[in-house]
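So the chains spell out like this:
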Amino acid sequence: MTTPGTGTPQPAAPQSAAPQPTPPPLTGRLHPLSWVLVLPKAFGEILSAAIPVILVPLFSDRSLERKLIIIGVVAAALGVLFLLIVAYYAVVKRNFRYELHDDELVIREGVFTKKVRHVPFTRIQAINARRGLLHRLFGLTELVLESASGGAPEARLQALDEGTSAQLSALLRRRIGEASASPAMATTSSSGSAVAADHRTLLRLPVPELLLHGFVSNRGWFVLLLLFGYASQSTELLKRLPLPAGLEDVLKDGVEQGSAIAPGLLLGALLLLFVVFSLVLRLLSMVYSVVTLHGFTLTRSGEMLRAQHGLLTRMQVAARIPQLQRLTLQQTWLHRLVDRCRIDVVSVGGELVGDPDGGKALRFDCLAPITTPEEAAVLLRGCVPGLDLAALEWKPLHPVARLRRWMLSASVITPIAASLAVLAWALMDAPQTPLAWLVGAWLVALVLAAWHAQAWAASAAYGTGNGLVAWRSGVLSKTTVLVFEERTQCTVVAASPRDRRDDTRGLRIDIQSSIFDWGMRIPYLPRMDAEALNLRFWRP
């Protein structure tokens, strides 16, 4: 190329570089055996409908041949329905696709109604994993992507093989870190060796500790309620079952013989029955703890906390330390008896549970199901550097707190005692003796309530320090709640007419993840202390 009139050659203009093509997104489907996971649900639905339909003709007055024909027809129809349900779910799982883009995860699903869901990586706060019995049998894993908003998970990948699950989890964590990391965080997380060096196990619970957890937590009531709920839904079935002949007469004879037993012996027998029942509940609770918390391991990698546990269904839940909204240190009287405690946490979205797809919500809600107070102090310092509960600036409640607490208990005890007295006067021919016992019990209850109020007011206190507010209370069972000042949503200084008369206030603190109740309630504060404490949350 030359300049006109001079003939001097000029360099050619540089050509602009061709734009690099955008790499295609990483796509994938669920495992081909994902439909197997719906078999228990489909079988349960069919079985719940089949048992009454089959048992009704079975216990009818029809001939045996007619009974067998009816049962065969019903079983064949239910079998066809079962196959149709399984086939439908197999098509649903087959149409499920995911696409991993640079800044979002796209979910495509649906058979007749197509759905496309876009999940930005900035919304994903935790990647949890769940492996039930069928998952482990076929080498599958369920990934659940949780967000800060709580409620239903952002995405649920219900059946991935172990290799794909591990690769996808690592890739998602890297993409999420790139999308949401600040410059300060990037320097920490850019070096994989630094994160790997920080990876350590914080807590591991052996089986004896799990048995102890089951004993002190008494989850046997939960197991019993599950059995009762199942039985209550089968009343029609129970009515159809044939009872042994003469059972009603046997029960009547037992009641008559029981009424003839001496009161002391009868009371002893009832006490023994109560002890046996309590031991059975404790044994159920211990079994439940071993099954649900087997292999509990709490690890930390950088600022990420991960807990995995479960014997039959293996779960892995995670949360970032900056997501923790509230820490609760609990000690029931049984915990104190064996020198143990429990640490519960509420993370971002932790209490906003509920999955419209019917899946089990996976939440990081427990830092330590059971641990010693010394280990609990170490775990709390891992979440709040430099935290020492004993060194916090603890302040007592208003002196009127013990009277207010006693009046609250008396307002419950007195109406109950009065109602029982009215019933005794109306239903008994000689109510003087029962009324005397009721008055005595009422006075004893008021005295015990006064002792409890005095002890509660003496132990209750609030403290500040390390960027958090702490509240402790309890007499036989102790509870300490920690709320971070910078993670508070709102505060309310409440003053009832009695508060205004006593110059006290109640402080209510709301956190992001609590919708059913306040994150913290501190009653009976001196007015000046309540206002000063409230200002800590809103100072510039």
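Residues numbered from 1 in each chain as written. Predicted model: local features only at pLDDT ≥ 70, side-chain atom pairs only at ≥ 80, totals over all residues. Heavy atoms only, no water.

### A closer look at helix H13 (residues 373-383)
Side chains of residues three or four places apart in an α-helix project in the same direction, reflecting 3.6 residues per turn.
Okay, step 1: Ala376, Leu379, Leu380 and Cys383 are the residues of H13 that are buried. Angular distribution of buried residues about the axis of H13 spans 100°; they occupy a single face of the element. Residues Glu374 and Val378 are exposed on H13 and point more than 90 degrees away from its buried face. (Buried < 20%, exposed > 50% of the residue type's maximum accessible area, 1.4 Å probe, protein only. Helix = DSSP H or I, 4+ residues; strand = E, 2+ residues; numbered from the N terminus. Arc of directions from axis to C-beta.)

### Side note on the sheet that holds strand S13 (residues 341-347)
Okay, step 1: With respect to topology, 7 strands assemble into an open sheet ordered S14-S13-S12-S18-S17-S16-S15, the strand pairing being antiparallel. Strand pairing shows two members of the sheet lacking a second neighbour, strand S14 (366-371) and strand S15 (393-396), which therefore form its edges. The mean inter-strand angle of the sheet, taken between neighbouring strand axes irrespective of direction, is 15°.
Okay, step 2: Here 6 bridges tie strand S17 (residues 468-473) to strand S18 (residues 478-484), and the two strands are oriented antiparallel to one another. For tryptophan 471, the partnering residue across the bridge sits in S18 and is valine 481.
Okay, step 3: Packing of helix H7 (residues 207-217) onto the sheet brings it into contact with S13 and S14, and relative to S14 it is tilted by some 95°.
Okay, step 4: Running at roughly 165° to S14, H13 makes contact with strand S12 (324-331), S13, S14 and S18 of the sheet. (Pairing = 2+ DSSP bridges. Axes fitted to C-alpha atoms, helices over the stretch in contact; angles between N-to-C directions. Contact = heavy atoms within 4.5 Å.)

### Topic: the packing of aromatic side chains
Two descriptors summarise a pair of aromatic rings, namely the distance from one centre to the other and the angle between the planes of the rings.
Okay, step 1: Inspection of the entire model under this criterion finds 3 aromatic pairs.
Okay, step 2: Here tryptophan 456 and tryptophan 471 contribute two aromatic rings whose centre-to-centre distance is 6.2 Å and whose plane-to-plane angle is 65°, an arrangement assigned as edge-to-face. You can see tryptophan 456 sitting in helix H15 (residues 432-459) and its partner tryptophan 471 sitting in strand S17, a full 15 residues away along the chain. The same class applies to tryptophan 456 and to tryptophan 471, which are both buried.
Okay, step 3: An aromatic cluster is defined as three or more aromatic residues linked by ring pairs; in this entry it consists of Trp456, Trp471 and Tyr524.
Okay, step 4: The lysine or arginine in question, arginine 472, covers the ring of tryptophan 394, its NZ or CZ lying 4.4 Å from the ring centre.
Okay, step 5: Over the ring of phenylalanine 484 we find arginine 487; its NZ or CZ atom is 3.9 Å from the centre of that ring. (Phe/Tyr/Trp six-rings, centres within 6.5 Å; stacked < 30°, edge-to-face > 60°. Lys NZ or Arg CZ within 6 Å of the ring centre and 35° of its normal.)

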